[in-house]
Amino acid sequence: MKSQKESSSTLLLTGECLPDRALIGGKAWSIANMMSLGLRVPPAFVITAPTNARYAEEGSLWPSLLEEIKLGIRHLEQRSGRTFGGGERPLLVSVRSGSAVSMPGMMDTVLNLGINDESKVALARECQDPEFAEDTHRRFLQLFASIVLKVDLAEGSGSSPQLIRQALEDQGYSVSSDPYQQLHAAVEAVFQSWNSRRAKRYREHHGIPHDLGTAVTVQAMVFGNLNERSGTGVLFSRNPLSGQPQPFGEFLRRAQGEDVVSGRFTPQPLEAMSEVLPEAHTELLHASRKLEDAGSEVQDIEFTVEDGQLFILQSRSAKLAPLAAARTSVDLVNEGRISPDAALKRISSERLRQLLAPTLNELVTADRTPAARGEGACPGVGIGVVVADADEAEERIRRGERVVLARPTTSPNDLHGMIGAAAVITEEGGSTSHAAVVSRSLGVPCVVGCGSGALASLLAKIVTVDGQSGAIFADALPVERPDETRDPILSRLLAWASERTNFRVIRPGDEAGATVLDLGADEEACDVATIDSALSRLLRAGNFKGAKGGAIATDAGVQAALRHGLEFIVADPVLPPLLAAANAR
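Notes on the structure in this doc start here. Everything quoted here is computed from the prediction, not taken from an experiment.

## Here we look at the overall build of the chain
Broken down by element type, the chain carries 22 helices and 26 strands. Relative to the compact-globule value of 25 Å for 585 residues, the chain shows a C-alpha radius of gyration of 26 Å, a close match. Dimensions of the chain, computed from the C-alpha atoms along their principal axes, are close to 85 × 65 × 50 Å. By residue count, 54% of the 585 residues in the chain fall in the buried class.

## Quick look at the pairing of strand β9 (residues 248-253)
Most of β9 is tucked away: five of the six residues are buried. Inspection of the sheet shows strand β8 (residues 231-236) paired to β9 by six bridges, in the antiparallel sense. For valine 234, the partnering residue across the bridge sits in β9 and is glutamate 250. For β9 and strand β10 (residues 268-269), the ladder comprises two bridges, and the chain directions are antiparallel. Residue pairing in the sheet places phenylalanine 251 in a bridge with glutamine 268 of β10.

## Details of the sheet that holds β9
The strand order across the open sheet built from five strands is β10-β9-β8-β11-β12, with neighbouring strands paired in antiparallel fashion. Each edge of the sheet is formed by a strand with only one pairing partner; in this case those strands are β10 and β12 (309-317).

## With respect to the nonpolar core
Counting 46 residues, the largest nonpolar core has Val93, Val95, Leu113 and Leu183 as the members making the most contacts within it. Looking at which element gives the most residues to this core, the answer is helix α5 (residues 130-148), with nine residues. Other than its neighbours up to four places away in sequence, leucine 183 contacts Ile69, Ile73, Phe84, Val95, Leu113 and Val218. Within the second largest apolar cluster, 43 residues are counted, among which are Leu332, Leu519, Ile569 and Ala581.

## Overview of empty space enclosed by the protein
The final tally for this structure, using the stated rule, is one cavity of 30 Å³ or more. Of the residues assigned to the lining of the largest cavity, the class counts are two nonpolar, three polar and three charged.

## A short note on unusual backbone geometry
Residue proline 573 follows aspartate 572 across a cis peptide bond; omega there is 5°. Structurally, proline 573 is set in the loop between β26 (568-570) and α22 (575-583). With a phi angle near 50°, serine 296 is a residue other than glycine that sits in the positive phi range. As for its placement among the helices and strands, serine 296 is situated in the loop between α11 (278-295) and β11 (299-306).

## Let's talk about the layout of surface pockets
If you add up the space inside the second largest pocket, you get close to 790 Å³. Along the wall of the second largest pocket there are 33 residues; nearest its centre are Gln354, Ala357, Pro379, Gly380 and Val381. Where the lining of the second largest pocket is concerned, the elements lending two or more residues are α12 (322-334), α14 (349-355), β13 (359-360), β16 (381-387) and α19 (488-499). The element contributing the most residues to the lining of the second largest pocket is α14, with four residues.

## Here we look at the packing of helix α20 (residues 531-538) against helix α21 (residues 555-563)
Packing of α20 against α21 brings their axes to within 9 Å, and their N-to-C directions diverge by 35°. Note that α20 runs across α21; the crossing there is right-handed. Counting all contacts with α20, which are made through Ile531, Asp532 and Leu535, the residues of α21 involved are Ala556, Gly557, Ala560, Ala561 and Arg563. Considered class by class, the residues forming the contact of α20 with α21 number five nonpolar, one polar and two charged.

## Some thoughts on the packing of α5 against helix α6 (residues 161-170)
Packing of α5 against α6 leaves a shortest axis separation of 9 Å and a crossing angle of 25°. Relative to α6, α5 is oriented roughly parallel. Of the two possible hands of crossing, α5 and α6 adopt the one that is left-handed. Listed contacts from α6 to Glu134, His137, Arg138, Leu141, Gln142 and Ala145 of α5 are Pro161, Gln162, Ile164, Arg165 and Leu168. For the contact of α5 with α6, the class distribution of residues is five nonpolar, three polar and three charged.

## Describing the pairing of strand β18 (residues 423-426)
Burial of the side chains of β18 extends over both faces: Ala423 and Ile425 are buried on one face and Val424 and Thr426 on the other. In this sheet, β18 lies alongside strand β17 (residues 403-407) in parallel orientation, the contact comprising four bridges. Its bridge partner lying in β18, arginine 407 is registered against threonine 426. Alignment of β18 against strand β19 (residues 446-448), held across two bridges, turns out to be parallel. From the neighbouring strand, isoleucine 425 faces β19, where its bridge partner is valine 447.

## Here's the deal with the side chain of histidine 184
Assignment of secondary structure puts histidine 184 in helix α7 (residues 179-193). Excluding anything up to four places from it in sequence, histidine 184 contacts Leu61, Leu66 and Ile69.

## Some remarks on the pattern of salt bridges
Throughout the structure, instances matching the rule amount to 42 salt bridges. Between arginine 353 and aspartate 555 there is a salt bridge whose closest N-O contact spans 3.2 Å. Taken together, the positions of arginine 353 in helix α14 and aspartate 555 in helix α21 put the pair 202 residues apart, joining distant regions of the chain. Owing to a relative accessible area of 23%, arginine 353 belongs among the partly exposed residues under this scheme. A salt bridge links glutamate 395 to arginine 399; the shortest N-O distance between them is 3.7 Å. Residue glutamate 395 is classed as partly exposed on the basis of its relative accessible area of 34%. We classify arginine 399 as exposed; its relative accessible area is 53%. The network of salt bridges with shared partners includes Arg197, Arg201, Asp391, Glu392, Glu394, Glu395, Arg396, Arg398, Arg399 and Glu401.

## Overview of α5
End to end, α5 covers 26 Å across 19 residues, agreeing with the expected 27 Å (1.5 Å per residue, within 8%). Of the residues trailing α5, lysine 150 is marked for its positive phi of about 60°.

## Quick word on the environment of threonine 282
Within the element layout of this structure, threonine 282 appears in helix α11. For the pair threonine 282 and leucine 310, spaced 28 residues apart in sequence, the C-alpha separation works out to 10.0 Å.

## Remarks on the state of the cysteines
Linking two cysteines covalently through their sulfur atoms gives a disulfide. By the definition in use, this model includes zero disulfides. Not engaged in a disulfide, the cysteine cysteine 378 finds its nearest cysteine sulfur in cysteine 446; these two sulfurs lie 7.0 Å apart.

## Describing the packing of aromatic side chains
Two aromatic rings are characterised by how far apart their centres lie and by the angle between their planes. Per the counting criterion, the structure on display carries six aromatic pairs. Relative to phenylalanine 144, the ring of phenylalanine 140 has its centre 5.4 Å away and its plane inclined at 50°; by these criteria the two rings are tilted. Taken as a pair, phenylalanine 140 and phenylalanine 144 lie in helix α5 at a separation of four residues, close to a single helical turn. Across this residue pair, the class does not change: phenylalanine 140 and phenylalanine 144 are buried. An angle of 0° between the planes, with centres 6.3 Å apart, marks the rings of phenylalanine 251 and phenylalanine 303 as stacked. Of the two residues, phenylalanine 251 is situated in strand β9 and phenylalanine 303 in strand β11; the sequence distance between them amounts to 52 residues. What makes phenylalanine 251 buried here is its relative accessible area of 1%. Of note, arginine 21 hangs over the ring of tryptophan 29, and the distance from its end group to the ring centre comes to 4.3 Å. A cation sits over an aromatic face here: arginine 203 above tryptophan 194, 3.8 Å from the ring centre.

What counts as what
- Residues numbered from 1 in each chain as written.
- Predicted model: local features only at pLDDT ≥ 70, side-chain atom pairs only at ≥ 80, totals over all residues.
- Heavy atoms only, no water.
- Helix = DSSP H or I, 4+ residues; strand = E, 2+ residues; numbered from the N terminus.
- Rg over C-alpha atoms; globule rule 2.2 N^0.38 Å.
- Buried < 20%, exposed > 50% of the residue type's maximum accessible area, 1.4 Å probe, protein only.
- Pairing = 2+ DSSP bridges.
- Core = buried A, V, L, I, M, F, W, Y, C linked by side-chain atoms within 4.5 Å.
- Contact = heavy atoms within 4.5 Å.
- 1 Å grid on protein atoms, 1.4 Å probe; cavity = no way out; pocket = protein on both sides within 12 Å on 5 of 7 lines; lining within 4 Å.
- Points joined across faces, edges and corners; volume = space filled by probe spheres on them.
- Nonpolar A, V, L, I, M, F, W, Y, C, P; charged D, E, K, R; others polar.
- Axes fitted to C-alpha atoms, helices over the stretch in contact; angles between N-to-C directions.
- Left-handed = near helix turned anticlockwise from the far one by under 90°.
- Parallel < 35°, antiparallel > 145°, perpendicular 65-115°, else oblique.
- Salt bridge = Lys/Arg side-chain N within 4 Å of Asp/Glu carboxyl O.
- Expected span 1.5 Å × (residues − 1).
- Disulfide = S-S within 2.5 Å.
- Phe/Tyr/Trp six-rings, centres within 6.5 Å; stacked < 30°, edge-to-face > 60°.
- Lys NZ or Arg CZ within 6 Å of the ring centre and 35° of its normal.

This is the structure we're talking about:
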């Protein structure tokens, strides 16, 4: 038997089997799964996640791994009919991170890798478009400089390959023309991105273990920027904002995927694709249904169309706004896809707290002109002072201030300022940009695409952000909260949760006659970290059946109440703590 260090570090992705997600990461697992369903996916191989840990020990790539990478490239060449870094039909690849747990926008990607002066000429000849080949070379050098060399190019220096190389040389850097040296450097950069500040911060916020590591997926490039019959986009199998059971997405003609998620460009609605590429659009909707059926979850699908031919690049469980998460879970039960137990497990009590958070009344906003308006990217209402810098936002949030982070467009480097923000607003980008996707993951109200310079006048002012309508209002406006007993989705979840636990959650005022321990005046009981020990101490003082106040309505409070044998707690809203009790079985 081979030792850990001698075992294979790479796997070819063919769809013939589905390796463990923990071994190859979610991105590679998605590729293998899509291949197994018969979808058109560019060929790929993966460097496994455990290899990341060995890289951290070694500090560099080792000979046997380099040989395995070479064999992986040969597999891509055979499947694509192309040659890596040269030949009449050059093969270019993407190099992407992918851990077992989805961390959207957190780690690094390099596209168009393998291009050099020689392969650029061959690519131009093959496509009969020198401008496309030049643009592809420029895009690669920009990403390589940023991701691998960690160089920020000065304004104007990234307009052509020649200017980029000159700017790098001026700073003492160069990009090798050897495609394998490019690939090895990109693999190391992806491994290193696992321990970047933003990735660590994201894992800490979401409770993701630091020792999982990231796999590295190497995949043959397809080109959405090839010609007018090409493009790229993102499709959700259902609306990620409202949960409505219709496909929702965006499409950017003659572009690559990074153009969409970066937020630098504002794409068109998916319907625009049906007008210019109807066959690819129909095939995309078919693939969306097949992927949702296979996963019994709403899918977030990345795709590229190259000269009219559709390629599916990735599919994963979609990050949904709280309303969409609740609605789709109930709808999937109604459709017979999942059980009520599974539906309750899919919705966290924290997401329900966000859903039941205050909203704006239309009567309040009817006669008000928004100070700015964009596209609603994550529902909810956020009120706070507008701050333009992520570091400043993080510091002010730490001091207990309510902050709205305003950026031209966000990147992974802004994550620390997005966590804990009352809302995020951007001048550029659409509903599948980094700001939108990460805000939905965090449950932070978000408005994107307000227009260049539209937010400058709001800096240092208090605003109210409506992540549903996309409106941003001056000052702090009065808000109201949804009724969980009358809303058809929430009331259904409430009924399911009640059926699955004997533990009760009583609304304030309905506990008359019961012996209730009031925790509001006890400092230890107000902290989720110490509420369990507080209950141990306070319950000795009497025969209490229930408790109220303090941190009792949090998940930690509910778990502590269950451990100490309490029959009920007093809280409003009822659904989040009741769900926590039902899921604690």
